[in-house]
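A closer look at the structure
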Amino acid sequence: MNNKRFYITTPIYYPSANFHIGHCYTTIVADALARYKRLDGYDVFFQTGTDEHGLKIETKAKEAGVTPKEYVDKIIENAKDLWEALEISYDFFIRTTDDYHVRRVQEIFKKLYDKGDIYKGEYKGLYCVPCESFWTESQLVDGKCPDCGREVKEVSEEAYFFKLSKYQKQLEDYYEANPDFISPVARKNEMLNNFIRPGLEDLCVSRTSFTWGIPVTFDPKHVIYVWVDALSNYITSLGYPEESELYNKYWPADLHLVGKEIVRFHTIIWPALLLALEVPLPKKVFGHGWLIVNGGKISKSLGNYTDPRDYIKSYGVDAVRYFALREVPFGSDGVFSEEALILRTNADLCNNLGNLVSRTIQMAIKYFDGNIENKNIEEDIDNDLIYSTSHLKEITDKKMEELKVNEALEEIFDVLRKCNKYIDDSTPWILAKDDSKKDRLETVLYNLLESIRVCATLLQAYIPDTSKKIFASLKIDVNNFDDIDKKVERYELGLEKPANLFERIKEN
Ligand SMILES: [Zn+2]
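Residues numbered from 1 in each chain as written. Predicted model: local features only at pLDDT ≥ 70, side-chain atom pairs only at ≥ 80, totals over all residues. Heavy atoms only, no water.

Brief notes about the overall build of the chain
Keep this limit in mind: Secondary structure counts use DSSP, requiring at least four H or I residues in a row for a helix and at least two E residues in a row for a strand, with both numbered from the N terminus. In this description the radius of gyration comes from C-alpha coordinates, and the expected globular size is given by 2.2 Å times residues to the power 0.38. Pairs of residues are marked as contacts when any of their non-hydrogen atoms sit within 4.5 Å. Computed by Shrake-Rupley with a 1.4 Å probe, the accessible areas treat only the displayed protein chains as cover when residues are assessed. The charge count includes Lys and Arg as positive and Asp and Glu as negative, but it does not include His or the ends of the chains. Charge positions are represented by NZ for Lys, CZ for Arg, CG for Asp and CD for Glu.
Counting secondary structure elements, the chain contains 18 helices and 17 strands. The C-alpha radius of gyration computed for the chain amounts to 26 Å, which stays within 12% of the reference 23 Å derived for 508 residues, consistent with globular compactness. On the principal axes, the C-alpha backbone points of the chain span a range of 90 × 50 × 40 Å. For the chain, contacts bridging at least 24 residues in sequence account for 78% of all contacts bridging at least 6. Carbon and sulfur atoms provide 48% of the accessible area of the chain, an area that totals close to 22,000 Å². A gap of 1 Å separates the mean positions of the 66 positive and 83 negative side-chain charges of the chain.

Describing helix 18 (residues 464-474)
Going by this rule: To sort residues, take the accessible area from a 1.4 Å probe on protein chains only and compare it with the maximum for the residue type: under 20% means buried, over 50% means exposed, and anything in between is partly exposed.
Turning to helix 18, its buried residues number three or more, namely Pro464, Thr466, Ser467, Ile470, Phe471, Ser473 and Leu474. Of the surrounding elements, those touching the buried residues of helix 18 are helix 1 (21-39), helix 12 (317-327), helix 13 (338-368), helix 17 (438-459) and strand 17 (490-492). At the C-terminal side of helix 18, Lys475 shows a positive phi close to 55°.

As for the packing of helix 13 against helix 17
To characterise two packed helices, one gives the angle between the axes of the helices and the distance between these axes. Quick reminder of the rule: Between N-to-C directions, angles span 0 to 180 degrees; the directions come from axes that are lines fitted to C-alpha atoms, helices contributing only their stretch in contact. Left-handed describes a crossing whose near helix is turned anticlockwise from the far helix through less than a right angle; right-handed describes the clockwise counterpart. Residues are grouped as follows: nonpolar covers Ala, Val, Leu, Ile, Met, Phe, Trp, Tyr, Cys and Pro; charged covers Asp, Glu, Lys and Arg; every other residue, Gly included, is treated as polar.
Across the interface, helix 13 lies against helix 17 with an axial gap of 10 Å and an inter-helix angle of 145°. As helix 13 runs across helix 17, the sense of the crossing is left-handed. Across the interface between the two elements, Leu353, Leu356, Val357, Thr360, Met363, Ala364, Tyr367 and Phe368 of helix 13 pack against Lys438, Leu441, Glu442, Leu445, Leu448, Leu449, Ile452 and Leu459 of helix 17. Its residues assigned to classes, the contact of helix 13 with helix 17 comprises 13 nonpolar, 1 polar and 2 charged.

Considering the packing of aromatic side chains
Two aromatic rings are characterised by how far apart their centres lie and by the angle between their planes. The test is simple: Planes of paired rings set the category: under 30 degrees apart is stacked, over 60 is edge-to-face and the rest tilted, where pairs are Phe, Tyr or Trp rings (Trp by its six-membered ring) whose centres lie within 6.5 Å. We call a charge positioned above a ring when the Lys NZ or Arg CZ atom is no farther than 6 Å from the ring centre and deviates by at most 35 degrees from the ring normal.
Scanning the entire structure with this criterion turns up 33 aromatic pairs. Ring geometry for Tyr7 and Trp251: centres 6.1 Å apart, planes at 70°, overall edge-to-face. Of this pair, Tyr7 sits in strand 1 (residues 5-13) while Trp251 sits in the loop between helix 9 (245-250) and strand 12 (255-259); the two residues are 244 residues apart in sequence, bridging distant segments of the chain. Both residues of the pair, Tyr7 and Trp251, belong to the buried class. Three or more aromatic residues joined by ring pairs form one cluster here, namely Tyr7, Phe45, Phe92, Tyr100, Tyr234, Tyr250, Trp251 and Trp270. Against the face of Phe330 rests Lys404, its NZ or CZ located 5.7 Å from the ring centre.

Some remarks on the side chain of Thr96
Keep this limit in mind: Any N or O atom pair separated by 3.5 Å or less is treated as a polar contact, with the protein-specific requirement of one donor-capable and one acceptor-capable atom, and with residues adjacent in sequence counted only for side-chain atom pairs.
Within the element layout of this structure, Thr96 appears in the loop between strand 3 (92-95) and helix 4 (99-115). The class for Thr96 is buried, based on a relative accessible area of 0%. One polar contact links the side chain of Thr96 to the main-chain amide nitrogen of Glu52, over a distance of 2.7 Å. With sequence-adjacent residues up to four places away left out, Thr96 is seen in contact with Ile12, Thr50, Asp51, Glu52, His53, His101, Val102, Ile214 and Asp229.

Digging into the environment of Val205
Secondary-structure assignment places Val205 in the loop between strand 8 (203-204) and strand 9 (206-207). Assessed through its relative accessible area of 0%, Val205 is described here as buried. Not counting chain neighbours up to four residues away, the residues in contact with Val205 comprise Phe109, Ile118, Tyr160, Phe161, Phe162, Val223, Ile224, Tyr225, Trp227 and Val228.

Regarding the sheet that holds strand 11 (residues 223-224)
In plain terms, the rule: Should DSSP find at least two bridges between two strands, the strands are regarded as paired.
Spatial strand order, 9-11-10: 3 strands in an open sheet with antiparallel pairing. What marks the edges here is a single partner per strand, and that holds for strand 9 and strand 10 (214-215). In this sheet, strand 11 lies alongside strand 9 in antiparallel orientation, the contact comprising 2 bridges. Across the sheet, Ser206 pairs through a bridge with Ile224, a residue of strand 11.

Side note on the nonpolar core
Stated precisely, the cut-off is as follows: Put simply, a nonpolar core is a bunch of buried Ala, Val, Leu, Ile, Met, Phe, Trp, Tyr and Cys residues held in one set by side-chain atoms that sit within 4.5 Å of each other.
Residues Leu86, Leu353 and Tyr462 are the most contacted members of the largest nonpolar core, which totals 105 residues. By residue number, the principal contributor to this core is helix 13, which donates 13 residues. Leave out the neighbours within four places in its chain, and Leu86 touches Cys24, Ile28, Ile312, Val317, Val320 and Arg321. Of all hydrophobic cores here, the second largest spans 68 residues; its members include Phe45, Tyr160, Leu164 and Leu273.

Quick look at the pairing of strand 2 (residues 43-50)
Put simply, the rule reads: Classification remark: right-handed applies to a crossover when, strands pointing away from the viewer, the course from the first strand over the helix to the second runs clockwise.
Most of strand 2 sits inside the fold, with 8 of its 8 residues counted as buried. In strand 2, alternate side chains face the same way, and those of Asp43, Phe45, Gln47 and Gly49 on one face and Val44, Phe46, Thr48 and Thr50 on the other are all buried. Pairing of strand 1 with strand 2 involves 7 bridges; the strand directions are parallel. Bridge pairing in strand 2 places Phe6 opposite Val44. Each parallel crossover has a hand, and the one from strand 1 via helix 1 to strand 2 is right-handed. Pairing analysis gives 4 bridges linking strand 2 to strand 3, with the strands arranged parallel. The residue bridging Gly49 from the neighbouring strand is Ile94, located in strand 3.

Some points on the environment of Thr443
Counting through the fold element by element, Thr443 comes out in helix 17. For Thr443, a relative accessible area of 1% translates into the label buried. Sequence separation between Thr443 and Ile118 is 325 residues, and the spatial gap between their C-alpha atoms is 71 Å. In this structure Thr443 touches Asn374, Lys375, Asn376 and Ile377, once residues within four positions along its chain are discounted.

Structural data, given as C-alpha cells:
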C-alpha cells in the first residue's frame, strides 16, 4: 500500500463577498503543491472550503433581504466556478454549514466542555465587526482594528471560554521540539514573542448577540463563535470525532497553507484546541504573504476589485496561474497588476517557453521531417544543458519541500533559458548547411527536445494546460514524474507546424 500521503489545506475563506485575486493566490499555491505531490506519487488529499457563519454574514444577508444561507449559497456557487476556471484540483470542498460539520463541531464543543476546557463566563471586549475579531486595548492601532483599521466597539455578554491559557507551556514546548512547525521562521518568533510569552488569555468561544452560527447543544441560546467552528474544519471533513477511515489515513495534516494574517489562529488557537482534544498536531503551518493590489488589501469598497475570471478570459488560465506562483517570493508580499501580468507572460511564457518549443519543433520538421533520435555526437557545449536537465527534478523537489514555489519555477525557467542559449551557441542553421554535420545537428535537436520534455513534465504542477499542449506537440504521453527519467528513443513529430503556446500580448 502506498504510504506516501499528503494532506494539504487552504484556509476556509469567508464568503461575505465574491473572491478576489488574493484568494486565488493562496488557492493556486496550494494547488501547485498538491499537484506536485500527486505527480510525485503521493496519495494527496487537498481541501479547501468556506467559513460561513458569524455576524458579518448575518448582517450582509439582512441588507440583501435574503437568509444567511441563501446569501452564502450564491457566493459559494461563484467560488466553485472560479476554482474550476483556475483548474484548482481540490479533493474536498468543506462548507461550515454542511450537516456533518455542524454535528461534529457540536460534539467537539461538548467534549471540551465535559473535559473542563470550556467554561461559562462573561465577555467584555473590543470587537471589530467586519473582521469578527476581539482585540485587547494594547493590540489596537490608533484605537482601531489592527487588521482592517476600522472602528471597534465595546461588547459585554455571557459567553463560553476556552482555557487557552492552560496550554501556553505545552505550546512553547511543541514549538521547541518541532522547529519546522511554523514557516517561515520569522513568523514563529513573532508568535512566541508577541503572543505566547506575554501570556495567553482564555478565548471567547460562544456568542449570544447573533444567531447565525452552530448552536451549543446544551445551552442553545449560545452559538459557537468562530474558533471551534472554523478551525475544526480540517478534521470534521475527515470524519472526526467519529470513527473514520479518512481521518486515520490523512490526519495529521502535512500542511496548512494560510495567509500571514491568520497564522496566529493556526499556530496558537488551533494547536491548543487539538492538545485539549488529545489529537495530534498538524506537521506544518505556512504563513505566506499577500498578493497585493494597489498597495493594499483588495475589496469592492476600495474600488480595486476585478473578477479574476476577467484576467483568465483575457490572458488564459496559465498566465494567471504562472503569475501568482512566480511573482510572490517565499513568505513575502507580491504586487498584482495587469501590466506586471502582461510583462511576465510575454517574457517568460511567450518568449522563453513558447518560442523555444515552436522554434525547436520547426527546426526538427525542416531538417529531419520531424523524426529525431539521439545520434550521440556530443560536444562540450552540451554538458551544461544536459547536466541541468538531469538534475532539475532534484532541485525542484528541494524548493517545493521548502515551499519556495516561485524559486522552483525559476529553476525550471532557468533550464528553458539555457535551451535558448544552447540554440544560439550550437547554431543549428549553420550545422544544417554542412552534410557532414547532419548527425551533430540531430543530436542538438534531440537534446533540446529532451530538455523541453523534462521541463514540461515538471510544469504540469504549475501550468497543466500548457504542459498538455507541449506533450501533444511532441506527440508523447507523459503521466507523472516517474516519466522524467524515461528518455524518448525517437521523436516523431509529424510535419504540422505547432500552434503558438502563448500569443504575445500588446504592452502599453
Ligand atoms: Zn477589523
